[in-house]
Amino acid sequence: MGNIYRRGDSAFWWLDFRDAAGTRVLRSSKTTDEVEARKLLAAVEKKVAAEKVQGLGASGPVTVAAYAAKWLAGREARGVASVIDDKGRLAHVLPYLGDMELSTVRHVHVRDAMSRVMAGGELAPRTVRHVYAVLRTMFADAVVEDMVTESPCKLRERRGELPAVQDADPRWRDSAIFSRDEVVALTTDKRLPLIRRVTYALAFIAATRFGETAALTWADWDGTSGPLGKLWVTKSFEHREDQVKSTKTDVARQMPVHPWLSAILAEWKANGWARTFARTPRAEDLIVPSPTGMHQRPQHALRRLHRDCVTLGLRIRRMHDARRTFISLARADGAREDLLAWVTHGRRPGIMAAYTTPPWAALCAEVAKLKLQPLGDTMSCYGDATEGTGKKNPLQTRGLAGDIVARSTGLEPVASGVTGRRSNQLN
């Protein structure tokens, strides 16, 4: 236990304690109030105890860099999906704060560090805000762990300490979207390999992030539920760690399967997948695996998307723009914002959301509002491009086109374009 004492050469009370390394420390409290000095000693001893629990401080004062390394390792151990991004974002600010003792960082230090990050001119304003958000989260956790008494991250946009949320190119975001006809082309044009059309259909019509698309298995698709099928989006493939984790936001969701996507998945499972991989798919198999049967990787998928855009004469964009496209088109077709957010982003934080579960039929009705129409008589979800099989696909253009149109308007059982069987949502 430490204590406080008075010195003849100072008007302040002094603290006498041992740090996490066991070294005796004598430090001025900078106050003449005994009660305040004892409160300060209690806070210091609490911090030293926390450093010992964290395994820090044995070799001296805990720096921001040392705590950041420990903090990131803890997030990685807990499976936090954003840990790779967190490391990259902290790397922008640690050169300015890393050598400082964690407990001595104040608002002015954080302000100056973020000012230097902004002055570098390499990051867009939105990215700068992401950097600050990770730093703020780290210091908030440090407060909870008694490593610091309060967070120094109190910057405000109105004081000019943070940039306004905007893109480096204000014209970019409005162009980061695909048109309705482009979605139809990417999911049906037989010049594109079959598996890529299915991948695009999941991204554009189920609004799945790429990692979520890559992690989907046949067990995640329930084609028997009504009024629309159900896609369970509960996991994501993290290519940098080569493993499947929870979704980016750690929130699972159930996505109604739009009639257009339902038809595509049904025919892909019944015919295309088996022809491509020379066996019948099992429940644990990926819906859209790589040619080797493993998870697809985003860098490869992006290059393929760019090539396919060139093939179809489309302007090159990103895979992530598929989610923006789905939400934009569905809202333009009258879908309710709150229910659309439920299926694309899952349950939102807050007490009301915790006590809310929208009826499944209501969610299906909003997704079904998305209007997709075949592009002429040559529209075919599955032509003869089956990636190496050399076999022609028996699906007839008019059969599937009529099937999709019928489903997208009335959601009634119709005949399959391949088998002629009548089914409810191609189950």
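Preceding this paragraph is the structure being described.
From a predicted model like this one, the values you see are computed outputs, not experimental measurements.

What counts and how
- Residues numbered from 1 in each chain as written.
- Predicted model: local features only at pLDDT ≥ 70, side-chain atom pairs only at ≥ 80, totals over all residues.
- Heavy atoms only, no water.
- Pairing = 2+ DSSP bridges.
- Helix = DSSP H or I, 4+ residues; strand = E, 2+ residues; numbered from the N terminus.
- Axes fitted to C-alpha atoms, helices over the stretch in contact; angles between N-to-C directions.
- Salt bridge = Lys/Arg side-chain N within 4 Å of Asp/Glu carboxyl O.
- Buried < 20%, exposed > 50% of the residue type's maximum accessible area, 1.4 Å probe, protein only.
- Contact = heavy atoms within 4.5 Å.
- Parallel < 35°, antiparallel > 145°, perpendicular 65-115°, else oblique.
- Nonpolar A, V, L, I, M, F, W, Y, C, P; charged D, E, K, R; others polar.
- Phe/Tyr/Trp six-rings, centres within 6.5 Å; stacked < 30°, edge-to-face > 60°.
- Lys NZ or Arg CZ within 6 Å of the ring centre and 35° of its normal.

A. Quick look at the sheet that holds strand E1 (residues 3–6). Taken together, 3 strands build an open sheet; the order of strands is E1-E2-E3 and the sheet is antiparallel. Lying at the two open borders of the sheet, with one neighbouring strand each, are E1 and strand E3 (24–28). Across the sheet, the mean angle from the axis of one strand to that of its neighbour is 30°, orientation sign disregarded. Taken together, the 5 bridges between strand E2 (residues 13–18) and E3 define a ladder with antiparallel strand orientation. Bridge pairing in E3 links Leu 15 to Arg 27.

B. Inspection of the pattern of salt bridges at higher detail. Under the definition given, this model contains 25 salt bridges. For Lys 235, the salt bridge identified is with Asp 220, shortest N-O distance 2.5 Å. Here Lys 235, found in the loop between strand E5 (229–233) and strand E6 (236–238), pairs with Asp 220, found in the loop between helix H10 (210–215) and strand E4 (221–222); they are 15 residues apart in sequence, far enough to count as distant. In this structure, Arg 336 and Asp 338 form a salt bridge, with 2.6 Å as the shortest nitrogen-oxygen distance. Overall, Asp 338 belongs to the partly exposed group, its relative accessible area being 43%.

C. Summary view of the sheet that holds E4. If you walk across this open sheet you meet the 3 strands as E4-E5-E8, and the pairing is antiparallel. Each having just a single partner strand, E4 and strand E8 (253–257) make up the two edges of the open sheet. Across 2 bridges, E4 lies against E5 in antiparallel orientation. If you follow Trp 221 over to E5, its bridge partner there is Leu 231. Contacting E5 and E8, helix H16 (residues 360–367) crosses the sheet at an angle of about 55° to E8.

D. Region of the structure containing the packing of helix H2 (residues 64–77) against helix H6 (residues 125–144). For the pair H2 and H6, the least separation of the axes is 11 Å and the interaxial angle reads 90°. The orientation of H2 with respect to H6, classified from their angle, is roughly perpendicular. Where H2 approaches H6, its residues Val 64, Tyr 67, Ala 68, Trp 71 and Arg 75 are matched on the opposing element by Val 134, Thr 137, Met 138, Phe 139, Asp 141 and Ala 142. Taken together, the residues that form the contact of H2 with H6 break down as 8 nonpolar, 1 polar and 2 charged.

E. Spatial organisation of the packing of aromatic side chains. Using the criterion set out here, one finds 3 aromatic pairs in the structure. Judged by centre distance (5.9 Å) and plane angle (55°), the rings of Trp 218 and Trp 221 are tilted. Here Trp 218 matches Trp 221 in class, with each residue buried. Between the aromatic rings of Trp 273 and Phe 277, the centroid separation amounts to 4.7 Å while the plane-to-plane angle is 40°, which identifies the pairing as tilted. Of this pair, Trp 273 and Phe 277 both sit in helix H11 (residues 259–277), 4 residues apart, which is roughly one turn of the helix. The buried category is assigned to Trp 273, whose relative accessible area is 2%. Its end group placed over the ring of Trp 13, Arg 6 keeps NZ or CZ at 4.8 Å from the ring centre. Over the ring of Trp 360 we find Lys 230; its NZ or CZ atom is 4.7 Å from the centre of that ring.

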